[in-house]
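So the chains spell out like this:
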Amino acid sequence: MNTEMEEHTQSTDASPSSSSSSSSNDYIFGFGSIMNTSTHAIWKTSSSSSTESILPGVIATISKEFGYKRQWSFRSTTGFTALGVIGRDSTSGVNNNNNNNSGSEINGVIYQVPTEDMPDFDRREVGYTKIRVPLEYITIQHDNNNNNNHNTTKKNDNNNATTTRVHYRKQANFTFTPNDNIWLYVPLPGHTQYADETHPLLQSYVDTVLQGCLEWGGPTMAEQFILTTGGWSEYFLNDTPSSRRPWLFRKEYNTIDELLKKYEDLTFYGERRHPEEFASACLHQGMRGSWNLPRRNMNFTGREDQLDQLRLRLVNQDDCGGGEQQQHQQQRQRVVVRVDVAGMGGVGKSQLVTEYCYRNFPSHYGLVIWLNSESADSLVADYRSLLSDMAMEVDVGGVSDNADINKSTDEIVGEVKTRLFRSRVPWLLVFDNLEDHNLLNDFVPRGAGIRGHVVVTTRHIDSEAVDSHGTLILGCFDISESLELLRRSAGSHNVDGEKNTLAATELCKMMGNLPLALGMAAAYMRRCDVQCVEYLDRYITSEKTGQTLYGKVENYSLSVASSVSLSLGEIEKESPTTCQVLRLLSFLGPDQITKWLLRNLLSSKKKMNIQLSELNNTGNGMNFLFNRTFMIGGFGFVLAGAALILPACAKDGRRVGLCAGLAAASLLILSTNTTGSVATEQQAHDEDIKRSASISNAISAFEYEESDVAWDLLKSFSLLSVKEGKGSVHRLLQQAMRNCQTDEESRHNLIICIDALRSLWTFKPEEFESWKEALQILDHVKCVVAHALEFELDAIYILKAAQLSLEAGVFSAMAVNAFVEALTSLHLSLSLLEKAKLGRNSSFQRLKAEVLHELGRVYRYQGSYNESERSLLESLEISQLVSRKDRSFRKFVANTLHELGVLEVKKHNLDSAAQFLQRSLELRRSLKDTESESINASCAATLHQLAAVHVARKPPSLDKAKALLQDALKMCRQIGQRAATLKQLARVTIRQGNLEKAEVYLEQALELYLELYGDNKLHINIASVKFQQGALALQREQFDEAYLHFSECLRIRRHVYAYARQVGAIGGVEISGTRKSSVNANPVHLEISVVLHELGIVGFAQRRFSQAFQMLLEERSILENLHEITSHSNRIYQARLTCLTWLRKCAKELGEESEAEKYTKERTAMKKDAGLKAKEKHLVSESVMLQHKVIDCRLLARQFALEKSDSNLVGKEKLLNVLNELEEEICLAPPESMARDAAHFRGTIMLWIDEPISKRRVPILKACDSLRDTLRAHGIQVVDSMIQKK
């Protein structure tokens, strides 16, 4: 019977329990999930008299003469269809062809329930009422009462038959009397409906019921249940956890699925779908409503002609080609129609389209979606939110598709486009404020099921759209519309009357009938209760007196600036500081504005005013700030003044380079008559220390009060919108405010913003506590440094902005893995440095070297090794020049050498890597006396990488690597570095066979990373630990656990590298449509292919060959793309060969002999082609390739010989794999190579590989020793160590 497991807390509609006499007993007939005894404890409350969690029961059947039949027909309020019974007199809302008036047998279990516990059971069965079943309709089945054992035969994953002893639940011996009550719970009217797309059948519920049948009566009882239950439906959702891996969470899944499949004509087993398939096939069909639509403007005025034009352009394109034949009708309906609404900012494009949406929804559209289209990131964010909301709207049985939030960018966009394409309702997509029309190619579906319209609002007229789609160009209001807007928005009492009407007409003309300016003027009049005559007088006066914000207005009308000026004039009366705050905010990001930000802006402004006051007292004034010449080493440039040098934290490791460089220079400030003052190195340095020490106490009570006043005033004038304590300023207002400032004012305000952000920017890579605060102001930093390029700032502030941009890039890459954003910030930093034109100035050179260093690091993260190498080598060249004059910069030289070593490790150039790392280590040790703690951490990092070199060598020097890593661990105190070292130690100990110790290392590393990254669980370093945990589980042959670890690693890496790569491109190289589809939504990155390969091996080991084959195909797709665009071709080449080998093995296991032969030929052809290219380019010979393969094969053979048991099937498979590859190398190798000895070695291994350990160990080890002598004779060093598994 139905067990509404998620509705226990709801009130029941069931009848109250009762008994016919004091001696009567209460029983319930369970025909659904309550047959499963694991559900019994759920409904019991603390007041229940029974202490047993499982009720006693007996198998029974209700005869068909009772007139009821069991159906999947109970409409659960939690969004799924459960079991119910329907009687011959049922008046339910069920309408189904199977619904006839005859009853049928209902098998189930009768349970005895204490009478005092019946109210608890009634509450459990919400939506049901109970009826009494007479004893004459009950048949008790005691078949297995005295024999609860049963032999059953079933097949395992290898299709081998196994016999299992099954124990059924012991039945109770009930003696029923005429006074006893046997209750059957029947759905109440209004709760009975068959399954549909919003209330499907759930596999988890079906499992619960059938597991109960198997528990009591085995497959026979389960089969009888299926045959006597109606209402099975094609709306069948497999909602179980990890539905594609049922062995993880579904009990008895083999038996249940076999039974469902056996009667699939009844159960619709073939229609059962996984969540994403169900959503795509069914749920999207019901999508309707509006999403993210702005609030309707109740004062919307005019634009009737434009609304009609917009409607006609969309409809006419739908109806074009009416004379075509009928077979093309459906094709025309599926075309997506697009119209652009273009015009200058402030003409009301978004308001027009908003009104159009409200007028046509739901009469013409069943679904309207509004998207913020300023960038690809904003569109992706909206699509992600939309998909998440859609998943919640179609929440099925409490199981929503929350996994959508973890999908990659391509998956999110593709999912929304697919749902729109298949939607059965007409839909409208609005792309608001679109900047780049090319984005439409990625975000608009290729077609629509019924009707699909796209409306774009933009300031840029797309010539293509004018010709092919039609563009509605929106101009300003006419005079009648302008007057009507003022009347509605300002209030009729402020506009009506002859004088006010004349004033309003004149005001509209002066403002050019621009809706934005008129709206702001109307808001001013309404708020200040000013009639139009008075407002016009104030406006004209402000223009005559020059108290406007004209300045430069390249993109907006003067009337916008004047209207803002008048509003600011009113604000100025209450708080002059608020006007200055708004000017400062125009240079920051539009969002994430907080009171704390305002207070720091005011604090920096106060400091600037104090400095200017002091300068005025010396007779220099503002001219000093902008017009004096500053010279360093003979290079003249504009300076803000010696007192303004570097308000940075001297203890901040990332700023030390710039501080020291600037302090090392002599500052000579010249007045117009060549007289002035000199700021010495020590004065500048002392000033920095003073400023950094006072940052934490810089906010005074006055600034707290002024920031609160500014916050309140900006909100009241609708210039600042606030939500959850964070404000936003409209971008249009920001641009108008910037345009209305003179160059001198802009420079002055930019300097204040730069200083304020430097005081707020506390990010230090080694202190993860600072990361959260940095994230809050990251966008402000990026905006300010971008504006710094637009103005002729003093060089000192250009350097400050460049330093901020550098640190923003470091943070983006390190903390949030936003590699594209990091590259943008770092390139912006370089552009600022080029603008400074400081030549060989040491501070300039130091900062440029740092930027190039970080660029090289980010390029390496992305796999762009050529770009990384160029940046790092340029950084090294600059830093070595600087270090000749400033020996303190040798530390940075060592850092760059270290990074070059890491890059060479990634490229597998191990000798080169060792040289760079050794040079870095020696240089760092020579500096150890100056900064011992910092240098120790750096030395530990280099030891870590040197250990990686030893691990990567063939054969690996594992003992040396372990010793280096243990030394590194002793020297390092930083969380991230310790975690990385522990992870590498685990890798080494796995190779050594000490699996228990490796597991401990990995757990410690993961714990440290989780502490470091906090909420950011999708970090690349966490993925790396998961990969190693998967490798460890694979070596232990814990295949299920290995699969889970590798899957989590894949999920994180997909997220990280999808964010790093642009949509539709790989490392800046455009991918064709066919290649895109072949990637299967996987980012094209080597790290993705590696984990897919391991998942394929796990699937093969589990004999899930289809699953393994799919993983390997996805790996191959990535490797083929990488082969075309990457420079580290040798590693890709080897990975491609290995992938083809495993594909061939999977194809054979699947019985696809032709596919296996195809992969064999492809692999041979690829090797021959590589051999020919190697000969032509004189890069590598077949003999060298043979040597490498011989070393690999010998290492695996020794490990195999030293195994303690015969259970390591994966190790044997790997050895056979490499032996096959060795055979191919022997055939290609020249006669004078070691081919003969290699062939003899291979033959020996093949002879003994299938023998038990006791027989194979000695001959295989002897063959390995003989091959070792051959290798040494060819000059190859071979050092063996005993490798034993614990």
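Higher on the page you've got the structure.
The present account deals with the structure reproduced in this document. Given the structure is predicted, the values throughout are model-derived calculations rather than measurements. (Residues numbered from 1 in each chain as written. Predicted model: local features only at pLDDT ≥ 70, side-chain atom pairs only at ≥ 80, totals over all residues. Heavy atoms only, no water.)

Looking now at the overall build of the protein. Of regular secondary structure, the protein possesses 49 helices and 27 strands. Taking all 1286 residues of the protein together, 54% fall into the buried category. Taking the intrachain contacts of the protein between residues at least 6 apart in sequence as the baseline, contacts between residues at least 24 apart amount to 76%. When the accessible area of the protein is evaluated, it comes to approximately 55,900 Å², of which 49% is carbon and sulfur surface. (Helix = DSSP H or I, 4+ residues; strand = E, 2+ residues; numbered from the N terminus. Buried < 20%, exposed > 50% of the residue type's maximum accessible area, 1.4 Å probe, protein only. Contact = heavy atoms within 4.5 Å. Areas by Shrake-Rupley, 256 points an atom, 1.4 Å probe, with all protein chains shown as cover.)

Our focus in this paragraph is the nonpolar core. Leu-585, Trp-761 and Leu-793 are the most contacted members of the largest nonpolar core, which has 166 residues in total. It is helix α29 (residues 795-816) that provides the largest number of residues to this core, a total of 14 residues. With near-sequence residues (within four places) excluded, Leu-793 lies in contact with Arg-747, Leu-750, Ile-751, Ile-754, Ala-788 and Ile-798. (Core = buried A, V, L, I, M, F, W, Y, C linked by side-chain atoms within 4.5 Å.)

Bringing helix α17 (residues 515-528) into the picture now. In this model, α17 (14 residues) spans 20 Å end to end at C-alpha, consistent with the 20 Å of a helix rising 1.5 Å per residue. Just beyond α17, the residue with positive phi is Asp-529, at close to 50 degrees. (Expected span 1.5 Å × (residues − 1).)

It is worth spelling out helix α49 (residues 1253-1273) at this point. Taking 1.5 Å per residue as the helical rise, α49 with its 21 residues ought to reach 30 Å, and the 30 Å between its terminal C-alpha atoms agrees with that figure. Among all positions in α49, only Ile-1253, Arg-1256, Pro-1259, Ile-1260, Ala-1263, Cys-1264, Leu-1267, Thr-1270 and Leu-1271 are buried. Projection of α49 onto a plane perpendicular to its axis shows the buried side chains occupying an angular sector of 150 degrees, all on one side. More than 90 degrees from the buried face of α49, the exposed residues found are Ser-1254, Lys-1262 and Ala-1273. The positive-phi residue at the C-terminal boundary of α49 is Gly-1275, with phi of around 85 degrees. (Arc of directions from axis to C-beta.)

Read across the sheet, six strands follow the order β14-β16-β17-β18-β15-β19 without closing on themselves; strand pairing throughout is parallel. Since the sheet does not close on itself, it has two edges, and those belong to β14 (289-291) and β19 (471-473), each with one partner. Averaged over neighbouring strand pairs, the angle between their axes works out to 15 degrees when direction is ignored. Of the strand pairs in this sheet, strand β17 (residues 427-432) and strand β18 (residues 452-458) are connected by five bridges, and their pairing is parallel. For Trp-427, the partnering residue across the bridge sits in β18 and is Gly-452. (Pairing = 2+ DSSP bridges. Axes fitted to C-alpha atoms, helices over the stretch in contact; angles between N-to-C directions.)

For the bond from Lys-954 to Pro-955, the omega torsion is -5 degrees, close enough to zero to count as cis. You can see Pro-955 is positioned in the loop between α35 (932-952) and α36 (958-971). Non-glycine residue Glu-252 carries a positive phi angle of around 60 degrees. The topology assignment puts Glu-252 in the loop between β13 (236-237) and α4 (253-262). For Glu-252, a relative accessible area of 35% corresponds to the partly exposed category. Phi at Asn-433 is positive, roughly 60 degrees, even though this residue is not glycine. Within the secondary structure, Asn-433 is located in the loop between β17 and α12 (440-443).

We now examine the pattern of salt bridges. For the structure on display, the rule yields 47 salt bridges. Lys-1145 serves as the salt-bridge partner of Glu-1213, at 2.9 Å between the closest nitrogen and oxygen. Placement of the pair is Glu-1213 in helix α47 (residues 1209-1228) and Lys-1145 in helix α44 (residues 1129-1149), with a sequence separation of 68 residues. Take Lys-1145: its relative accessible area is 18%, and that puts it in the buried class. The network of salt bridges with common partners includes Asp-207, Arg-250, Asp-257 and Arg-272. (Salt bridge = Lys/Arg side-chain N within 4 Å of Asp/Glu carboxyl O.)

Now for the pairing of strand β15 (residues 336-342). Burial of β15 is extensive: seven of the seven residues sit out of reach of the surface. Burial of the side chains of β15 extends over both faces: Val-336, Arg-338, Asp-340 and Ala-342 are buried on one face and Val-337, Val-339 and Val-341 on the other. Alignment of β15 against β19, held across three bridges, turns out to be parallel. Within β19, the position partnered with Val-341 by the bridge is Leu-472.

In this structure, Glu-1120 sits in helix α43 (residues 1105-1125). On the accessibility criterion, Glu-1120 (28% relative accessible area) is partly exposed. Spatially, the C-alpha atom of Glu-1120 lies 7.8 Å from that of Arg-1136, the residues being 16 residues apart in sequence.

Regular strands show a simple pattern: their side chains alternate between the two faces of the sheet. Among the six residues of strand β16 (residues 367-372), five are classified as buried, and the element is accordingly described as predominantly covered. Relative to β16, β14 runs parallel, the two being bridged by three bridges. When the bridges of β16 are listed, Gly-289 appears paired with Leu-367.

What follows is about the side chain of Gln-1028. With respect to the element layout, Gln-1028 can be found in helix α39 (residues 1020-1035). What makes Gln-1028 buried here is its relative accessible area of 12%. Sequence-distant contacts of Gln-1028, defined by excluding residues within four places in its chain, comprise Lys-983, Arg-987, Ile-990 and Leu-1002.

Attention now goes to the packing of α35 against helix α37 (residues 975-992). Two elements in contact, α35 and α37, have axes whose closest approach is 11 Å; the angle formed by their N-to-C orientations is 25 degrees. By the angle between their directions, the pair α35 and α37 is classed as roughly parallel. As α35 packs across α37, the resulting crossing turns out to be left-handed. Where α35 abuts α37, its residues Ala-937, Ala-940, Ala-941, His-944, Ala-947, Ala-948 and Val-951 lie against Gln-977, Ala-980, Thr-981, Gln-984, Arg-987, Val-988 and Arg-991. Split into classes, the residues belonging to the contact of α35 with α37 amount to eight nonpolar, four polar and two charged. (Parallel < 35°, antiparallel > 145°, perpendicular 65-115°, else oblique. Left-handed = near helix turned anticlockwise from the far one by under 90°. Nonpolar A, V, L, I, M, F, W, Y, C, P; charged D, E, K, R; others polar.)

This part is about the sheet that holds strand β4 (residues 81-87). Ordered by their spatial adjacency, three strands build an open sheet running β4-β3-β12, and the pairing between neighbours is mixed. Sheet topology places β4 and β12 (229-230) at the edges, where each strand pairs with a single neighbour. Both strand β3 (residues 68-75) and β12 contribute to a ladder of two bridges, which runs parallel. Within β12, the position partnered with Arg-70 by the bridge is Thr-229.

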